[in-house]
Amino acid sequence: MKLLVVGGGGREHAIIKKLRENPDVSEIYALPGNGGIAADAVCIPEIGAKDIDGIVNFAKSKRVDFAVVAPDDPLALGCVDRLHKAGIPCFGPDAKAARIESSKVFAKNLMRKYGIPTAAYRVFTNPESALQYLETATFPIVLKADGLALGKGVLIAQNLQEARDAVRTLMQDRVFGAAGDEIVIEEFLTGPEVSVLAFTDGKTIVPMISSMDHKRVGDGDTGLNTGGMGTVAPNPYYTPEIAQSCMDTIFLPTLDAMRKEGCPFKGCLYFGLMLTPGGAKVIEYNCRFGDPETQVVLPLLKTDLLTIMRAVENETLSEISVEWSEDCAACVILASGGYPERYETGKPITFTTPLPSNVTCYHAGDKDSHGQLVTSGGRVLGLTAVAPTLREALRDAYQAADTISFEGKYLRHDIGRRALQAGMR
Ligand code: AMP
Ligand code: GLY
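Residues numbered from 1 in each chain as written. Chains lettered and ligands numbered in written order. Predicted model: local features only at pLDDT ≥ 70, side-chain atom pairs only at ≥ 80, totals over all residues. Heavy atoms only, no water.

(A) Just the site of ligand 1, in detail. Around ligand 1, 16 residues are found, and the nearest of them are Glu186, Glu187, Leu189, Glu193 and Glu284. In the environment of ligand 1, an oxygen atom lies 3.4 Å from a nitrogen or oxygen atom belonging to the side chain of Lys104. Contact distances for ligand 1 include 2.7 Å between a nitrogen atom and a side-chain N or O atom of Glu186. (Near = heavy atom within 4 Å. Polar contact = N/O pair within 3.5 Å; in protein donor to acceptor, adjacent residues only side chain to side chain.)

(B) Representation of the pattern of salt bridges in the model. Overall, the coordinates contain 24 salt bridges when judged by the stated rule. Note that Asp165 and Arg168 form a salt bridge whose closest N and O atoms lie 3.4 Å from each other. Here Asp165 and its partner Arg168 are both found in helix H8 (residues 160–172), three residues apart, which amounts to about one turn of the helix. (Salt bridge = Lys/Arg side-chain N within 4 Å of Asp/Glu carboxyl O. Helix = DSSP H or I, 4+ residues; strand = E, 2+ residues; numbered from the N terminus.)

(C) Examining the environment of Pro74 more closely. Looking at where Pro74 falls in the secondary structure, it is placed in helix H3 (residues 72–76). Taking C-alpha positions, Pro74 is 5.2 Å from Lys50, a pair spaced 24 residues apart along the chain. Not counting residues up to four positions away in its chain, the partners in contact with Pro74 are Val6, Ala49, Ile52, Val69 and Cys79. (Contact = heavy atoms within 4.5 Å.)

(D) Representation of the packing of aromatic side chains in the model. In the structure shown here, the tally under the stated rule is eight aromatic pairs. Here Phe91 and Phe199 contribute two aromatic rings whose centre-to-centre distance is 6.4 Å and whose plane-to-plane angle is 70 degrees, an arrangement assigned as edge-to-face. Separated by 108 residues along the polypeptide, Phe91 in strand E5 (residues 90–91) and Phe199 in strand E10 (residues 193–200) bring together distant segments of the chain. With respect to burial, Phe91 and Phe199 carry one shared label: buried. On the numbers, 5.8 Å between centres and 65 degrees between planes, the contact of Phe271 with Tyr285 is edge-to-face. Here Phe271 is found in strand E16 (residues 267–276), whereas its partner Tyr285 is found in strand E17 (residues 279–286), with 14 residues between them in sequence. You'll find Phe271 and Tyr285 in the same group, each marked buried. In this structure an aromatic cluster arises from ring pairing among Phe91, Phe199 and Phe289. (Phe/Tyr/Trp six-rings, centres within 6.5 Å; stacked < 30°, edge-to-face > 60°. Buried < 20%, exposed > 50% of the residue type's maximum accessible area, 1.4 Å probe, protein only.)

(E) Region of interest: helix H1 (residues 10–20). Among the eleven residues of H1, nine are classified as buried, and the element is accordingly described as predominantly covered. Every buried residue of H1 is listed here: Gly10, Arg11, Glu12, His13, Ala14, Ile15, Ile16, Lys18 and Leu19. Buried residues in H1 make contact with strand E1 (2–7), strand E2 (27–32), strand E4 (66–69), helix H10 (294–297), helix H11 (305–314) and strand E20 (359–363).

(F) Region of the structure containing the nonpolar core. Residues Leu83, Phe251 and Phe271 are the most contacted members of the largest nonpolar core, which totals 51 residues. The greatest single-element share of this core, amounting to seven residues, is contributed by helix H9 (residues 240–260). When residues no more than four places from it in sequence are discounted, the contact partners of Leu83 are Ile55, Val56, Ala59, Ala67, Val69, Ile88 and Cys90. In terms of nonpolar packing, the next biggest core, distinct from the first, is built from 42 residues, Ile15, Val25, Val68 and Leu305 among them. (Core = buried A, V, L, I, M, F, W, Y, C linked by side-chain atoms within 4.5 Å.)

(G) Here's a closer look at the packing of H1 against H11. The geometry of H1 relative to H11 is characterised by a closest axis approach of 7 Å and an angle of 105 degrees between their N-to-C directions. As judged from the angle between their axes, H1 and H11 are roughly perpendicular. Across from Ile15, Lys18 and Leu19 in H1, the residues of H11 making contact are Leu305, Leu306 and Met309. A per-class count over the contact of H1 with H11 returns five nonpolar, no polar and one charged. (Axes fitted to C-alpha atoms, helices over the stretch in contact; angles between N-to-C directions. Parallel < 35°, antiparallel > 145°, perpendicular 65-115°, else oblique. Nonpolar A, V, L, I, M, F, W, Y, C, P; charged D, E, K, R; others polar.)

Here it is as structure tokens:
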């Protein structure tokens, strides 16, 4: 079988490595892929993830048997709709269903209409009414751009002045462009965060192993928000009781809601949850695998990934059983110094020793330059270790991180610390 994976980060590398385990897979094309992914797939750097025409034409010309669209942008742009129209089976939601991530207003209104627990909120389309509302609000408060903003469209304001600045940033300076023309202002929630990715064919939902992201750039959860500096799985806060209540109050109601709205969701639905004193609430939905959650979740998957993805496409997910390893996984991201703000690229990456068999290096932002891998993004590599305990997984991931170097290499030193403090071994 010939497969195509749209995207070119650590998440896509993890998906590709897992798909490769199926002996029927003869070829995987990655559009655009990256320097490190080239060891596991045929990368086509000329075709970017937002080039929908390019992707569809390529898929047709190579007669690919199955496509996986991983990033949010092509999903929101209707890549899956177009591939389907060209007769190519694929994994991922259509553009209508992808609105669950591409429009925060759509997601919030969906949750309100169907009674799915989330932070109380108001929607604003002009800055004057937003500013007026803030005069009587309580702080901290959260302001979110409606549209896709590379995970940076969420601003937490500690006081009125910060909230006014946030309205200016989003709506007047339009730092995220049209994404900020409509904003959500919502209640600030507290509690541990859990990421739950789930396979769903629109009728059946199969949650994957839970995970914990580390979104802030600095140790001790300080500094700016990033795409994620590391992850661990499973998440110790996500007990079987909480999982059951999430299934009943969040996962199944969301599936039903999407069906009733005429946009059944097929693909990977990501629930960003906060376990508040008042129960689990949805912080955000994503219409795709998380990054770097995927780098700890998929290594623990025992069932063949392609079989699951095809069952999602064929709406036969209820017929297969999805099995998970009992092990733990930890992923440590190596980033370019300065990320998530300005950073330099083009730095040669040196790997000094081969990695042990329980450690995988996922390539997120690098490229080949005359036979040498050099950095090309903010998040460069993700080192994932799998072991019987989290402590061992963290030790092995950090040891591996030490053996890789590039100028300006930056990493957090406390990935998994909170999970250990919460009682994980
Ligand atoms: P998002 O991009 O929606 O996941 O938001 C980024 C981060 O902002 C989340 O992971 C949370 O840590 C934080 N956040 C978002 N919404 C809220 C909220 N209502 N209350 C507290 N923190 C929030
Ligand atoms: N790691 C968070 C995300 O993928 O959105």
